[in-house]
Each structure stands twice: as structure tokens, then as C-alpha cells.
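Descriptive analysis of the structure
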Amino acid sequence: MVLKPNFDFHIHTKWSDGICTCREVAEYAVSKGMRLIGIADHFSMDPEKNPKIARRLPDYYEEIRALDEEFRSQIRIKVALEVDARTYDFLSDKSIETLTSHNFDYYLFEYITDPYSYYPIETRDPILIISKIKKFKEILSDSRPVGIAHMEVRYLKDEKLEKVIEKLLETQLFVELNTSKDNYKHEKFQRIIEEKDIKLSIGSDAHIQTRIGDIEYPLNLLKRYNATNRLIFLNELK
Ligand SMILES: [Zn+2]
């Protein structure tokens, strides 16, 4: 099967910090001949961040589901969240209740290895954060993909990266190959792609229209490593 660059699992809209509406995203993706996209707007337990989506999560969910229905013959649109892992309570009981209040198609978590935080630094251990996300995946108790957006490998020392890879191998979490970060070009990141049991995703992290579907580079990387069979939603791509 030859994968075409007609999909993108990481797109932002006006629901968080993107500049397009969901409809504009859908129309643009259709005009580019894309077949499968995922809108994954930012979600944080910090009430000051992205208050719109936090206040109106049901509307976000319903709007994208309705668009998927409307555009169904041309494109499929998945609804996801990109959860900010910088807050110590990013997977508290309350957060889990909110995240599972709708049947999101998948979940991305961001700022896993990023050392910058508004919260106590001891909560920044990537192993701890990945363990929490693993538990969240277990709570879902189904096959919906849960994974890590644009993992910042460059912040990890070699020894720590080894531990992170070991941890990832124990989980069923995917790692995203992201267009907007050149981090995956880093030699250390390739070790993640080389590990045969780590699932992968591809996303542009588009915040503006023209970046939507800009996945050539990570797609070629996936092919070069013979890793296409590890891509999430592979059976829905044509
Ligand atoms: Zn993003």
C-alpha cells in the first residue's frame, strides 16, 4: 500500500490558537484532495489557557462531529484533543472525567519532555508523565489511540532518552512525527522511530490554513524506516 500525503492528525482551529474555523479547515483540506484529518485543539486544566474550549467542550465536539457528517463523502474528520501535560493535575480525576465526557477519536499529550513549566519542576519527569498517560489509556479500555505530540527529544540526555524509550515500549502510546518541529530530524529521535514496537502518528500542527496537510517530510521518514504499518488509523487511509 502506497501512502499518499492526504491526511493530517494534528490541526488547530479557532477553538484554541488556530486561525481557521473548523469549517475553513475542512473546506481547505477538501480543496487539497485530503481524505482524513484530525482536529486536535489545545486543552488545559489551567483555566487561563484556552478558556473557550474549556467552557464549551461539548460544542467543540458536536461541531466537528457535524462537519464530519456533512463532508463525509469527500473527507473524514476526526475529533481529538491536545492535552497540556504541564499542569500537575493534567490527569486528575476531574480532568479524566472531562476528557472522557465525549467519545474523542484520539488524544494527544504535549509538553512531555519540555523542561519549562509554570508548575513545580518535580512534576516534569517524562517517565512520570508517560506513566500517567499510560494509566489514562488503560482507563479508556478500548483501542482509541493515545500518544505524544511533538516530543522534544533535544531536552533529554542520552541516558534519560533510553529510559523514555523503555517506558514507551511498555505502553501502547504513539509518538507523533510532527512537521512543525525539526526535533525528529535529531539523531536521537531516530532511535524512537527505529524501535519496532512504538506506534507512530503524523501531524502538521497547523495553526494556519496553508500548513494543513504539510506532512511530506515525516511521511517520507516513515517510509524510509519501513514504519508505515505502525501508523495510527492506517486501515482508514487510502
Ligand atoms: Zn498542537
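Up top is the structure these notes are about.
The paragraphs below set out a description of the structure included in this document. Nothing here was measured: the structure is a model prediction, and the numbers come from that model. (Residues numbered from 1 in each chain as written. Predicted model: local features only at pLDDT ≥ 70, side-chain atom pairs only at ≥ 80, totals over all residues. Heavy atoms only, no water.)

**Considerations on the side chain of Ser-95**
- Its place among the elements puts Ser-95 in helix α4 (residues 93-99).
- You can call Ser-95 buried: its relative accessible area is 0%.
- Leaving out residues up to four positions away in the same chain, Ser-95 has contacts with Met-45, Asp-89 and Phe-90. (Helix = DSSP H or I, 4+ residues; strand = E, 2+ residues; numbered from the N terminus. Buried < 20%, exposed > 50% of the residue type's maximum accessible area, 1.4 Å probe, protein only. Contact = heavy atoms within 4.5 Å.)

**A word on the sheet that holds strand β5 (residues 146-148)**
- Taken in spatial order, the 7 strands line up as β1-β2-β3-β4-β5-β6-β7 in an open sheet, and their pairing is parallel. Of all the strands in the sheet, just β1 (7-11) and β7 (199-203) have a single pairing partner and so form its edges. Each strand of the sheet is rotated relative to its neighbour by a mean of 30°, with strand direction disregarded.
- Relative to β7, strand β6 (residues 174-178) is paired through 5 bridges, and the arrangement is parallel. The partner of Val-175 across the bridge, within β7, is Leu-200.
- Most of the contacts of helix α1 (residues 22-31) go to strand β2 (residues 36-43), to which it runs at about 155°, and overall it touches β1, β2 and β3 (76-84).
- Strands β4 (106-110) and β5 of the sheet are contacted by helix α5 (residues 126-140), whose axis makes an angle of about 160° with β5. (Pairing = 2+ DSSP bridges. Axes fitted to C-alpha atoms, helices over the stretch in contact; angles between N-to-C directions.)

**Regarding helix α3 (residues 57-71)**
- Compared with an ideal rise of 1.5 Å per residue, which puts 15 residues at 21 Å, α3 spans 21 Å between its outermost C-alpha atoms and is within 8% of the ideal.
- When α3 is considered as a whole, its buried residues turn out to be Leu-57, Tyr-60, Tyr-61, Ile-64, Leu-67, Asp-68 and Phe-71. Summarising the axial view, the buried residues of α3 lie within an arc of 135°, below the 170-degree limit, and thus occupy one face.
- In the core, the buried residues of α3 are packed alongside α1, β2, α2 (51-55), β3 and α4. (Expected span 1.5 Å × (residues − 1). Arc of directions from axis to C-beta.)

**Details of the coordination of the zinc ion**
- Taken together, the protein ligands of the zinc ion are His-10 (NE2), His-12 (NE2), Glu-82 (OE) and Asp-205 (OD), with distances of 2.1 to 2.3 Å.
- Around the zinc ion, the 4 donor atoms sit at angles spanning 82 to 171°, and that spread fits a shape best called irregular.
- Between consecutive donors of the zinc ion, the numbers of intervening residues give the motif H-x1-H-x69-E-x122-D. Placement of Glu-82 in strand β3 and of Asp-205 in the loop between β7 and α8 (216-224) is noted, with a sequence separation of 123 residues between them. The two residues Glu-82 and Asp-205 agree in class, both being buried. (Donors = N, O, S within 2.8 Å, 3.2 Å for Na, K, Ca; no water. Tetrahedral: all angles 85-135°; square planar, octahedral: opposite > 155°, others 65-115°.)

**Observations regarding the pairing of β6**
- Burial analysis of β6 places 5 of its 5 residues in the buried class, the great majority of the element.
- Taking every second residue as pointing to the same face, both faces of β6 are buried, with Phe-174, Glu-176 and Asn-178 on one and Val-175 and Leu-177 on the other.
- Looking at chain direction, β5 and β6 are connected through 2 bridges and run parallel. Its bridge partner being in β6, Ile-148 is matched across the sheet by Val-175.
- You can see the chain leave β5, run along helix α6 (residues 158-170) and come back into β6, and the turn it takes is right-handed. (Right-handed = clockwise from strand over helix to strand, strands pointing away.)

**As for α8**
- Within α8, burial applies to Pro-218, Leu-219, Leu-221 and Leu-222. On an axial view of α8, the arc spanned by its buried residues comes to 155°, and they lie on one face.
- The elements touched by buried residues of α8 are β1, β6, α7 (187-194) and β7.
- Trailing α8 by a residue or two, Asn-226 shows a phi angle of about 50°, which is positive.

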